[in-house]
Each structure stands twice: as C-alpha cells, then as structure tokens.
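Next come the chains, spelled out residue by residue.
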Amino acid sequence: MPKPSDTKALPAFRTAGLTKTYGEGKAAVHALRGVDLEVPTGEVVVLLGPSGSGKSTLLNILGGLDRATSGDAYFTDHELTAMADRELTLYRRDHVGFVFQFYNLMPSLTAEENVELVTEIAHNPMDPGKALDLVGLGERRHHFPAQLSGGEQQRVAIARAIAKQPDVLFCDEPTGALDSTTGRAVLKVLADVNEALGTTVLMVTHAAATAAMAHRVIHFADGAIRDVVRNAERLPPEEIVW
Amino acid sequence: MRLLSPLDRKLLRDLWRIKGQAGAIAVVIALGVMTLVMMSGIVNTLEETRDAYYDRYRLAEVFAPVERAPERTLKRLAEIPGISAVESRVTGMALVEIPGELIPIRARAVSLPEHGPARLNDIFLAEGRMPNPDRAEEVLLLKGFADARGLKPGARLSATMNGARRGFHVTGLAQSPEFLYTTAPGELIPDDARFAVLWMSRASLAAAYDMEGAFNEALIGLERGASEAAVLDAVDRVLDPLGGLGAYGLADQQSNFFISEEIRGARSTSVSVPPIFLGVSAFLLYIVINRIVQAEREEIGLLKAFGYTDWEVSAHYLKLMLVIAIGGAILGSGLGIVSGRAMAGVYQEYYKFPFLVFELEPRSFVTGLAISVISACAGGFGVLRGVFRLAPAVAMRPPAPADYSSTGQAAGLSRRLLDQPGRMVLRRVQRQPGRMFGAAIGIATGMALSVGMIGVQVGFNQTIDLSFSVLDRSDAQITFTHAMSDKVIYELARLPGVEEVEPIRYVSVLLRHDFHDHRGAINGQLSEPRLARAMDAKQRPLPLPKEGIVLSTTLARVLDASPGDTITAEIREGRRPVLYLPVVAVADSLLGSPAYMNIDALNGALNEPGRVSGAYLRIDEEAAESVFRAVRDMPGVAGIGLKEDMRDAIQSIMDSGMGAMRFIMLAVAGIVTFGIVYNAARIAYAERARDLASLRVIGFSRAEAAFVLLGELGLITLIALPIGALMGYAMAALVSAAFSTEVYSIPLMFDAHTVGTAALAVLVSAALSGWLVKRDLDRIELVSALKTRE
C-alpha cells in the first residue's frame with residue numbers, strides 16, 4: 001500500500017455508521033451501534049468508557065484486527081473496511097504500531113531482538129538501538145523479557161511499536177498492568193513519541209485521569225460515542241495522578 | 001440434585017476444547033488396544049477352532065505309515081497301552097490329469113472306511129454326496145484343491161495310480177482336519193492348487209495298490225494322559241518288521257505343523273507387537289498430559305484460589321486423562337472385537353475350517369485397559385507435582401514471560417545468519433531441551449515403528465527373492481516316485497531345451513541333538529551345486545563336503561546346534577542307518593528348515609550309490625513345453641514343480657496367512673506415527689498461540705508467523721529422524737523375529753530404503769500436521785493477542 005500522498009491534509013481516521021455485532025438473533029451483542037468519528041493526524045486521542053462500551057472494538061477495527069459488520073472506516077484515503085486480509089496485514093506492517101496491555105513480547109528474544117522483529121520487516125524503520133534509547137532502555141537492550149520489570153517490558157513494547165516509524169500507534173490499556181509511577185513513565189514515552197515523530201496515538205483506557213494528556217477525549221457508552229471533548233490545555237504525563 | 005459438579009462440567013468443556021488433541025491421543029491408544037485385542041482374539045479363535053475341528057472330526061494323534069501290514073496287525077496295535085482307537089487305511093500317491101493342464105498334479109489317494117463313519121480322521125462333506133462304496137470310479141475331492149482348480153461335484157478326471165491310468169467321477173467335495181494345508185512331497189511350501197487329495201472306497205484303492213487284506217497306514221488315537229513317545233516306540237516295534245516308515249505324532253503331521261506354526265507365529269506377533277504400540281501410546285499420553293497441565297497453570301492457581309484442595313484439583317486433571325485413556329481403551333476394545341471377528345472370518349476361509357469358534361481373549365481387554373490407565377496415571381504424577389507446587393497467586397498475575405536468559409546472547413554466526421523468527425525457533429529448542437527432546441523422542445518412536453513395519457514388508461520380499469532368485473536358480477523341480485538310478489539325470493540332460501540338470505536325493509530323517517529333535521528330510525546334493533544352493537549369511541555358496549551336514553539357521557535353532565557339534569541322524573528309509581554327523585556350517589535359508597549333505601556321502605551311508613529322488617532343471621523358456629511333455633511321459637516321474645508356482649504359493653501364504661497381519665500393522669504404525677507428529681504440532685501450536693497472534697498483529701504475514709511455529713516442528717522432526725533410525729533398528733529386529741516361523745524366516749531388513757521410506761512417512765506426517773495446524777493459525781483471532789491468556 002502506498003504512503004498517503006498528503007497525510008497532513010487528511011484526518012488519520014474517519015468512520016461513518018460503523019457497526020459491529022457479535023452473534024445473531026436474540027443472542028446478538030451490538031458492540032458498536034453506528035459510530036461516526038474523525039481522528040486528526042498527529043493527535044493523542046484517548047478513548048474512555050466502561051467495559052463493553054465498544055472502545056476496544058473500535059480500536060480493533062481501526063487497527064485492522066477485526067472487521068466491521070457495516071459502515072465505513074478510512075485510514076487517510078484508504079478504506080479499511082474494504083481491505084482483504086492480506087492488505088490488512090500490510091497495513092498493520094507498514095502503518096500501525098501496537099502496544100498491548102500485557103506487552104506481548106516474544107520471551108525468547110532480547111529487548112533489542114524484539115525490536116528487530118519489527119524492523120526486519122518494516123519499510124522505513126529506525127535503528128533498533130535508537131528506538132530503545134527513546135524509551136530509555138538503551139542500556140538494557142540485551143536483556144530478555146523475563147529479566148525486565150513490567151514497566152520496562154511495556155517500554156520495550158513501545159520501542160517495538162515505534163521502531164517502524166508508524167503513522168499510528170494503538171495502545172490498548174497500556175498502563176493497565178502497571179503501578180502508577182511506572183504507568184506515568186510509559187505515558188511519558190507515548191507523549192514524547194507523539195511529540196518527536198508526529199505519530200497519531202489512539203489509546204484505550206479505564207483510567208480517566210489519563211485523558212488529561214490527550215488532545216482529544218472520546219467517551220463511549222453502549223457501543224456509541226457519547227461525546228468528544230477537546231482538551232484546551234494538556235497535562236504533561238508526569239503530573240497525571242490516578 | 002446436580003448431576004455434575006462444576007469441576008466435572010469444566011472437565012467436559014475442557015475435553016471439548018482440546019477435542020482434536022484428545023481425539024488423536026485416544027485414537028493412538030485405541031489402535032494399541034485394538035491390535036492387542038484383535039491379535040490375541042484371532043490367535044485364541046484359531047486355536048480353539050483348530051482344536052474343536054480336530055476333536056469333532058477325531059483327528060488321529062499318531063500316524064504310522066508302513067510298507068504293507070496285514071489287517072490282523074491292527075489288533076496288535078490296539079493292545080498297546082495308551083492307545084484308545086486304531087484304524088487302518090490304504091493311501092497311495094497318484095498323478096491327476098486335469099483337462100487343459102500340461103503338467104499332471106500330484107495327489108494322495110486315501111481310502112474311506114468300509115462301514116459307517118470313520119473312527120479317526122473323519123471328513124466333512126462340504127458339497128455333493130459320498131461315493132457309493134460299490135462304485136470304484138467314484139471319489140471325493142479335497143475342497144481346497146477343487147476350489148483352486150474350479151472343479152465341482154460331477155467333474156471327471158483321470159489319475160495314474162501305481163502305473164495304471166483310471167477315470168474318476170467326483171461325487172462330492174470334502175474338508176478334513178488332516179489336510180488344512182497340503183504340500184507336495186519334496187516341496188517346502190503348501191499349495192492348494194498343486195496337490196490333490198482323493199477319497200475313495202477302500203476296496204478300489206486296495207486293488208490299485210495291492211493292499212487287499214492289508215493296510216499301509218495306521219491311524220491311532222491316544223488315551224488321555226498316555227505318553228506319546230512310549231506309544232510311538234511300541235508302534236514302531238510292531239510295524240518295523242513289516243516295513244514301518246516310522247510312526248509320528250500330530251506335531252510332525254505336515255498340515256498340523258503348518259497351521260500350528262502359523263498360530264505360533266501369530267501368538268509371538270501378538271505378544272510382541274501390540275505392546276510396542278501400547279507403549280508408544282502410553283509415552284505419548286504422558287508427554288501430552290504433562291504439557292496440557294503446564295499450559296493450565298493459571299487455571300490451577302485460580303481453582304486453588306477458590307479454595308479447591310490440591311487433591312481435588314489433581315483429581316480433576318487425573319480424571320481428564322483417565323477419560324481420554326479409558327475412552328481410547330474402550331474404543332480400541334470395540335475396534336479389536338470388530339476387526340478380530342472380521343479377520344477371524346477371513347482366516348476361517350483361508351484355513352478352510354468348516355466352522356469357527358470365535359473366542360476373545362479376556363486378558364487382552366484387561367491388559368489394554370490397565371496399560372492405558374497406568375500411562376494416564378504416570379502422566380498424573382507430573383500433574384500432582386505441578387499442582388502441589390503452584391501458588392494460587394499465579395492466577396492473579398499477568399503471565400510472566402518465560403525466562404530465556406540462559407540461552408545466552410546471539411553471537412557470531414547465529415547473529416549474522418539468523419533473523420529474529422529463526423532465533424525464536426532456536427532459542428525455544430535451546431531453552432527447553434528436555435521438552436524438545438521428549439517431543440523428538442516421541443516422533444522418533446513413531447518413526448521406529450514405521451522402520452520396523454516397513455522392514456518386515458521388505459523382509460518378506462527379501463525372503464522370496466533370496467529363496468527363489470539367489471538360492472534356487474532352477475526353473476523346475478522334478479520328483480521321482482522312488483529313488484532312481486542317476487542315469488535318469490543324463491536322460492534329462494539330453495532332452496532338447498534342458499540347459500542344466502542337478503540331482504537331489506531326499507531322505508526322511510529324524511535329527512537329534514541333546515534333547516531336541518526334528519523330523520524332516522536331508523537334501524543330498526552335489527558338493528558344489530549350481531542350481532539349488534546353500535549359502536551363508538553373506539550369500540556365499542557353501543560347499544557340501546564328504547563329511548558332515550549343513551543345517552539351515554532355523555534347523556540349527558530348533559536343534560540348538562552350531563558348527564562343531566555332532567548331531568544324530570536316524571534315517572527312516574532303506575536300511576535305516578543311524579549317522580553321527582558333525583555340523584560343518586549353518587546355511588542362511590529363509591524357507592522351511594532344510595538340512596544339506598553331500599549326495600555321495602548320503603547315498604554311501606545308505607549303501608545305495610548313484611541314487612537320485614529328484615532333479616533341478618534349468619530350461620530354455622522357448623522349449624519349456626516340450627520338455628514338460630517329455631518329462632511327464634518318463635517312467636518314475638512323480639511330479640514336476642515350477643519354481644514360479646512355488647514362488648506364487650509362498651507369496652500367497654505370506655499375503656493371506658498370518659503374514660498378512662503385517663499390512664494391518666503397517667497401517668497402524670502409519671496412523672500412530674501420524675498421530676504422534678500431529679500431536680507434537682498441536683502442542684507447539686497451543687503453547688505458542690498467543691505469540692503467534694502477537695506476531696500477526698504487529699504485521700507478520702500468515703506465512704511468516706507460520707515459520708515460527710513450523711520451524712520448531714521441522715527442527716524437532718529433523719532431530720527425530722536419526723534417533724528414529726537407530727530405534728528403528730531395534731524395532732525391526734524385534735518385529736522380524738516375531739513374524740518368523742519355522743515355515744519361513746523374515747530377515748532383519750534395515751537398509752537405506754527402509755529407513756528412507758520411514759523418514760519420508762514422518763516427513764509427510766509432519767508436512768500434513770503442519771498444514772492442519774497452519775489452517776488454525778490462519779484462522780487465529782488476532783484480538784486474542786490483546787487479551788490476557790485464556
């Protein structure tokens with residue numbers, strides 16, 4: 001898939017009437033009930049809402065992991081909802097970085113090798129060492145995941161996600177398994193990446209306080225967007241308390 | 001009241017979740033139990049049926065052939081202590097001519113009792129009617145021969161008896177426990193189509209063989225508990241002055257010998273091969289269960305956190321294994337009964353039993369179930385240990401990454417050569433060498449099974465090839481009615497189309513060494529025969545010196561004799577000398593259990609110089625027909641056997657008799673091998689599903705993610721191949737020994753072809769398993785990677 005011609009002009013994501021239904025008939029669960037949304041490029045966007053409100057489902061569809069039942073979803077000028085599996089794989093490979101709640105590092109690879117896992121297949125990767133430096137783990141590049149703390153593992157995961165220089169970074173509860181100090185450090189890394197590389201960051205979280213660092217906060221309820229709030233003033237991650 | 005506790009419902013759901021794997025293990029166990037139940041059922045059924053057949057048709061326990069004994073001798077035999085019944089009969093050799101057949105067929109004519117049913121050796125009239133005692137031309141024909149030749153009651157045939165040619169009318173077809181197998185004299189291999197048995201009225205037969213008022217064979221039944229050896233001695237003492245040819249017991253009766261050897265072979269196969277299958281299944285179950293429990297660490301922690309005791313949790317997992325093991329055992333028992341019954345039916349037809357006493361071996365069910373349960377419990381020990389060690393808190397924490405730091409940094413060559421997926425494969429193997437080795441051993445065991453079973457297939461072919469292409473280079477074998485002057489050899493050599501002639505002298509003999517004896521024949525041959533040869537294990541021809549005797553491997557084993565030992569040979573013909581012969585060599589014969597001597601030495605010992613009882617011929621194919629015509633019309637010729645026919649006969653015995661079991665075993669070995677490889681793939685997949693989903697999420701294509709999974713399977717498979725080859729050697733030795741009988745030996749075949757085929761089977765299994773697992777990988781839910789472990 002070619003790079004978007006002028007990514008700055010287009011919003012990173014655009015959806016119209018996006019729905020997702022699991023199951024059929026009476027047992028059907030409506031995870032998304034018609035979502036219309038625009039995510040401008042280069043912003044940090046936080047998706048908030050109770051469990052089952054549809055925020056993770058939206059993230060999965062925008063991340064190319066799941067398919068919508070109906071409606072359209074665009075990444076810049078590419079229609080995600082029309083892509084075949086193979087195209088979605090290339091989309092994830094070339095444009096998207098993922099940060100998971102449970103890090104999902106390969107236990108058999110060192111920190112640096114985990115990053116290389118991605119740089120080996122990416123188009124225009126940064127140096128793995130530099131990615132680790134960015135998350136402050138340059139010194140621990142040769143450690144295996146089992147030798148790292150939870151926060152360190154999550155930072156390796158972020159380094160792995162940004163090393164391909166993605167257009168978008170998807171984070172599903174990135175601090176969910178971390179204590180608050182470590183969590184703040186992780187959020188700082190995400191903010192820095194957004195600042196330094198202009199990467200659009202989409203973050204799903206339960207921690208409402210996290211919203212303070214976002215450009216934009218989207219509240220979910222019952223499979224639909226309740227409201228979208230633009231933060232006039234953003235709080236640096238270090239000052240977030242939860 | 002709830003029928004199922006929550007844990008039991010979890011058990012059922014777990015089983016459903018791992019149904020593919022549980023099914024594969026259960027099938028492997030089932031196949032092991034199936035072979036056990038089937039084989040022992042067949043052996044039991046054959047033994048019971050044979051014994052019932054012998055009993056119902058009153059098969060004699062002692063046979064006493066004699067040149068000619070007056071009828072009154074029978075009374076003297078009846079007085080011998082231990083004898084319960086005596087019957088006399090007249091038998092004689094005949095040549096039967098069948099329209100359209102160039103070569104006449106050797107036959108044995110047997111007299112029917114003059115009044116009422118036979119007291120011994122009764123017959124079963126399968127079709128048609130009994131001959132009218134007053135009609136000399138009416139005969140019964142052995143059903144096996146009639147079927148092989150397409151003859152029906154009403155058929156007419158002519159036979160030469162004692163030099164006179166007569167026409168006969170077949171009134172019926174008969175079966176007899178005495179002729180389950182029929183073998184032409186001088187031949188090793190039974191063949192329905194090439195040896196006939198005719199039953200006819202005693203008067204008519206006695207007239208043909210000058211036996212009026214006399215008999216030439218006594219049939220003897222023994223009292224319960226009587227000593228057969230004592231009776232044999234006593235009978236010989238009575239008949240010797242009349243030209244007794246040596247009384248012998250049922251064990252030496254040809255047909256019984258063959259069927260008993262088949263059953264004995266089947267029994268040895270049934271006790272040695274199924275346990276191998278069961279052992280493999282047990283090992284597999286152990287490995288798999290261990291790994292399933294490893295993967296369930298969190299659930300175990302959770303259950304403990306809920307307040308379930310260690311014992312309750314252990315019992316839960318033990319139940320899971322027992323359900324699989326017992327399920328497999330029950331399935332196997334069912335399959336064993338069904339296949340045993342089907343195979344017994346096939347064998348009933350093959351062995352020509354008029355009825356079948358289907359009898360399962362109850363012990364086989366118990367053994368099968370016990371081995372399955374024990375292996376499940378052995379796996380259970382690992383479970384118990386794991387459960388007791390596990391802290392409930394495990395469930396509360398996110399899964400900690402497995403520690404790979406011990407595998408060290410990638411350095412040097414590995415750093416340059418391997419990409420990250422390659423390293424993932426290699427490190428996993430490095431980190432858990434024990435587990436990987438276990439998986440490799442599992443696959444190697446499967447391969448060893450295949451090596452053993454393929455080796456046996458090759459061994460059967462080798463037996464035939466060696467016997468009929470290397471040892472015996474003749475085209476046809478001629479037997480004479482009696483030992484003739486060796487002038488006949490020159491006559492044969494002069495026939496146009498005969499390229500080479502080699503004399504042979506057969507003498508029936510009782511060989512003894514220490515406490516072992518064997519009734520058979522000595523083949524007297526030229527000192528350096530060219531057509532029918534004795535060879536050593538390295539396929540070098542063995543010369544036959546003027547002194548001593550060469551024994552076949554089978555015979556050497558039966559007599560427990562080796563070169564240097566002296567054996568006793570009691571010749572049962574002519575002046576009946578007793579010879580003391582040094583064993584000079586052991587010949588690697590794969591068919592029967594022949595003994596070889598120099599023909600001049602043998603004739604010299606008998607004081608009958610220049611005598612031959614048969615000849616091997618090499619014939620120009622073009623002239624074969626004219627040669628056979630000429631030979632047929634020569635006086636004293638009892639029969640001509642074509643090597644091709646003999647080859648076909650042994651092939652058919654190997655493929656339809658107990659040897660046919662090898663095909664079933666090969667199929668089972670194939671399925672088990674596949675089951676093992678497939679399980680290894682499934683386990684690897686189950687353990688890595690989350691990593692693989694993560695790889696897919698971060699942009700790895702299906703093929704790239706599959707490499708990480710299949711690379712591991714491939715590596716384990718490659719490690720397994722050489723181990724499997726080594727284990728296969730032992731397996732091949734075990735299995736070929738189990739399939740060998742005194743009728744044919746199966747050599748240990750462990751060559752590149754065998755190992756290569758087995759390796760190919762493993763690789764194909766691996767490829768197929770890989771493909772099946774990759775299908776799951778292709779369907780993996782990517783979102784699952786984002787969640788915590790399930």
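If you're wondering where the values come from, they're calculated on a predicted model, not measured in any experiment.

Thresholds, definitions, all that
- Residues numbered from 1 in each chain as written.
- Chains lettered and ligands numbered in written order.
- Predicted model: local features only at pLDDT ≥ 70, side-chain atom pairs only at ≥ 80, totals over all residues.
- Heavy atoms only, no water.
- Helix = DSSP H or I, 4+ residues; strand = E, 2+ residues; numbered from the N terminus.
- Rg over C-alpha atoms; globule rule 2.2 N^0.38 Å.
- Buried < 20%, exposed > 50% of the residue type's maximum accessible area, 1.4 Å probe, protein only.
- Contact = heavy atoms within 4.5 Å.
- Areas by Shrake-Rupley, 256 points an atom, 1.4 Å probe, with all protein chains shown as cover.
- Lys, Arg positive; Asp, Glu negative; His and termini not counted.
- Charge placed at Lys NZ, Arg CZ, Asp CG, Glu CD.
- UniProt positions renumbered as here; feature names shortened; annotations may be inferred.
- Salt bridge = Lys/Arg side-chain N within 4 Å of Asp/Glu carboxyl O.
- Polar contact = N/O pair within 3.5 Å; in protein donor to acceptor, adjacent residues only side chain to side chain.
- Nonpolar A, V, L, I, M, F, W, Y, C, P; charged D, E, K, R; others polar.
- Domains from an automatic or database assignment.
- Buried area = accessible area lost by both parts, 1.4 Å probe.
- pLDDT = per-residue confidence, 0-100.
- Axes fitted to C-alpha atoms, helices over the stretch in contact; angles between N-to-C directions.
- Left-handed = near helix turned anticlockwise from the far one by under 90°.
- Expected span 1.5 Å × (residues − 1).
- Pairing = 2+ DSSP bridges.
- Core = buried A, V, L, I, M, F, W, Y, C linked by side-chain atoms within 4.5 Å.

**Concerning the overall build of chain A**
Stage number 1. Looking only at helices and strands, one finds 6 helices and 10 strands in chain A.
Stage number 2. Scaling as 2.2 N^0.38, a compact globule of 242 residues should have a C-alpha radius of gyration of about 18 Å, and chain A matches this with 17 Å.
Stage number 3. In chain A, buried positions account for 56% of the 242 residues.
Stage number 4. Within chain A, counting contacts between residues at least 6 apart in sequence, those at least 24 apart form 71% of the total.
Stage number 5. For chain A, the accessible surface area stands at approximately 9400 Å², while carbon and sulfur atoms represent 48% of it.
Stage number 6. Distance between charge centres in chain A, computed from 23 positive and 31 negative side chains, equals 2 Å.

**Quick notes on the UniProt feature "domain: MacB-like periplasmic core" (unreviewed entry) in chain B**
Stage number 1. In the numbering used here, UniProt assigns the "domain: MacB-like periplasmic core" (unreviewed entry) feature to residues 27-237 and 437-627 of chain B.
Stage number 2. From the first C-alpha to the last, residues 437-627 of chain B spans 65 Å; its make-up is 32% helix and 36% strand.

**A closer look at the interface of chain B and chain A**
Stage number 1. Facing the 36 residues of chain B at the interface are 34 residues of chain A.
Stage number 2. Applying the counting rule to chain B against chain A returns 4 salt bridges.
Stage number 3. Where Arg 427 of chain B meets Glu 113 of chain A, a salt bridge forms, and the shortest distance between an N and an O atom there is 2.6 Å.
Stage number 4. In this structure, the connection of chain B to chain A is made through 13 residue pairs in polar contact (both at pLDDT 80 or more).
Stage number 5. Of all the elements in the fold, those that place two or more residues in the side of chain B that touches chain A are α12 (420-431), α19 (661-697) and α20 (702-739) of chain B.
Stage number 6. Looking at which element gives the most residues to the side of chain B that touches chain A, the answer is α19 of chain B, with 7 residues.
Stage number 7. Taken together, the residues of the side of chain B that touches chain A break down into 15 nonpolar, 9 polar and 12 charged.

**Some thoughts on the domain arrangement of chain B**
All names here are of chain B.
Stage number 1. Per the domain assignment, the segments of chain B are domain 1 (1-61 + 254-396), domain 2 (62-253), domain 3 (420-473 + 644-790) and domain 4 (498-619).
Stage number 2. Relative placement of domain 1 and domain 3: their C-alpha centres are 21 Å apart.
Stage number 3. Taken together, the contacts link 39 residues of domain 1 with 41 residues of domain 3.
Stage number 4. Interface of domain 1 and domain 3: buried area, both sides summed, is about 3400 Å²; carbon and sulfur atoms make up 73% of it.
Stage number 5. Remark: the boundary between domain 1 and domain 3 carries 0 salt bridges.
Stage number 6. Run the count over domain 1 and domain 3 and you get 2 residue pairs in polar contact (both at pLDDT 80 or more).
Stage number 7. Within the residue set of the side of domain 1 that touches domain 3, elements represented by two or more residues are α2 (19-56), α7 (254-295) and α9 (310-351).
Stage number 8. Of all the elements, α7 adds the most residues to the side of domain 1 that touches domain 3, at 21 residues.

**As for the UniProt feature "domain: ABC transporter" (unreviewed entry) in chain A**
Stage number 1. Feature annotation in UniProt assigns "domain: ABC transporter" (unreviewed entry) to the following positions: residues 13-241 of chain A.
Stage number 2. For residues 13-241 of chain A, the helix share is 29%, the strand share is 27%, and the end-to-end C-alpha distance is 29 Å.

**Regarding the confidence of the model for chain A**
Stage number 1. Summing up the model confidence of chain A, the mean pLDDT is 87 and the portion of residues at 70 or higher is 96%.
Stage number 2. Here residues 2-7 of chain A is a poorly scored stretch, pLDDT under 50, and it has 11 contacts once near neighbours within four places are set aside; other chains count.

**Some words on the packing of α19 of chain B against helix α21 (residues 752-778) of chain B**
All names here are of chain B.
Stage number 1. α21 packs onto α19 with a crossing angle of 35° between their chain directions and a minimal axis gap of 9 Å. Handedness of the crossing formed by α19 with α21: right-handed. For the pair α19 and α21, the contacting residues are Thr 673, Phe 674, Val 677, Tyr 678, Ala 681, Arg 682, Tyr 685 and Leu 692 in the first and Val 762, Ser 765, Ala 766, Leu 768, Ser 769, Leu 772, Val 773, Asp 776 and Leu 777 in the second.
Stage number 2. Looking at the contact of α19 with α21 residue by residue, the classes come out as 12 nonpolar, 3 polar and 2 charged.

**Let's talk about α2 of chain B**
Stage number 1. The terminal C-alpha atoms of α2 of chain B, which comprises 38 residues, lie 51 Å apart, in line with the 56 Å expected from a rise of 1.5 Å per residue.
Stage number 2. Burial within α2 of chain B is extensive, with 28 of its 38 residues counted as buried.

**Concerning the environment of Pro 104 of chain B**
All names here are of chain B.
Stage number 1. Structurally, the position occupied by Pro 104 is in the loop between β3 (91-97) and β4 (105-112).
Stage number 2. The spatial distance from the C-alpha of Pro 104 to the C-alpha of Gly 670 is 45 Å, given a sequence separation of 566 residues.
Stage number 3. Excluding residues within four positions of it along the chain, Pro 104 makes contact with Leu 95, Val 96, Glu 97 and Arg 632.

**Quick notes on unusual backbone geometry**
Residues and elements named next belong to chain B.
Stage number 1. At Arg 58, a position not held by glycine, the phi torsion is positive, near 50°.
Stage number 2. Structurally, the position occupied by Arg 58 is in the loop between α2 and β1 (62-70).
Stage number 3. Not every positive phi belongs to a glycine, and Asn 121 is a case in point at roughly 50°.
Stage number 4. Relative to the helices and strands, Asn 121 resides in the loop between β4 and β5 (124-128).

**Side note on the sheet that holds strand β10 (residues 224-230) of chain A**
Residues and elements named next belong to chain A.
Stage number 1. An order of β6-β7-β8-β3-β9-β10 is seen for the 6 strands of this open sheet, with the pairing classed as mixed. What marks the edges here is a single partner per strand, and that holds for β6 (96-99) and β10. Going across the sheet, the axis of each strand differs from the next one's by a mean of 20°, ignoring polarity.
Stage number 2. In the sheet, strand β3 (residues 44-48) pairs with strand β9 (residues 216-221) via 4 bridges, with the strands oriented parallel. Bridge pairing in β9 places Val 46 opposite Val 217.
Stage number 3. Docked against the sheet, helix α5 (residues 150-162) engages β6 and β7 (168-172), running at close to 170° with respect to β6.

**Brief notes about the pairing of strand β1 (residues 13-22) of chain A**
Stage number 1. Here β1 of chain A pairs with strand β2 (residues 29-39) of chain A via 8 bridges, running antiparallel. Bridging from a neighbouring strand, Leu 18 of chain A pairs with Val 35 of chain A of β2 of chain A.

**As for the side chain of Thr 200 of chain A**
Stage number 1. Relative to the elements of secondary structure, Thr 200 of chain A occurs in strand β8 (residues 200-205).
Stage number 2. Other than its neighbours up to four places away in sequence, Thr 200 of chain A contacts Ala 12, Val 39, Pro 40, Thr 41, Gly 42, Glu 43, Asp 167, Val 168 and Leu 169 of chain A.

**Brief notes about the pairing of β10 of chain A**
One face of the sheet, then the other: side chains in a regular strand alternate in exactly this way.
Residue and element names in this part refer to chain A.
Stage number 1. Where β9 lies against β10, 6 bridges are found, and the strand directions are antiparallel. The partner of Ala 221 across the bridge, within β10, is Ala 224.
Stage number 2. From the end of β9 to the start of β10, which pair antiparallel, there are 2 residues, and Asp 222 there has a positive phi angle of about 55°.

**Concerning the pattern of salt bridges**
Residues and elements named next belong to chain B.
Stage number 1. Per the counting criterion, the structure on display carries 49 salt bridges over all chains.
Stage number 2. Its salt-bridge partner being Glu 178, residue Arg 89 comes within 2.4 Å of it at the nearest N-O pair. Taken together, the residues span a long stretch of sequence, with Arg 89 in strand β2 (residues 83-89) and Glu 178 in the loop between β8 (164-175) and β9 (195-201) at a distance of 89 residues.
Stage number 3. For Arg 89, a relative accessible area of 4% puts it in the buried group.
Stage number 4. With a closest N to O distance of 3.4 Å, Asp 252 and Arg 519 form a salt bridge.

**Re the environment of Val 338 of chain B**
Residues and elements named next belong to chain B.
Stage number 1. Within the secondary structure layout, Val 338 lies in helix α9.
Stage number 2. Under the relative-accessibility criterion, Val 338 is labelled exposed at 58%.
Stage number 3. Between the C-alpha atom of Val 338 and that of Glu 499, which follows or precedes it by 161 residues, the distance is 54 Å.

**Here's the deal with the nonpolar core**
Stage number 1. Core analysis: the biggest nonpolar cluster contains 167 residues, and Phe 13 and Phe 170 of chain A together with Tyr 347 of chain B have the highest contact counts within it.
Stage number 2. Looking at which element gives the most residues to this core, the answer is α2 of chain B, with 17 residues.
Stage number 3. Here Phe 170 of chain A is in contact with Phe 13, Leu 59, Leu 62, Gly 63, Tyr 91, Val 96, Gly 97, Phe 98, Val 99 and Leu 202 of chain A, once residues within four sequence places are set aside.
Stage number 4. In terms of nonpolar packing, the next biggest core, distinct from the first, is built from 39 residues, Leu 140, Phe 145, Ala 155 and Ala 196 of chain B among them.

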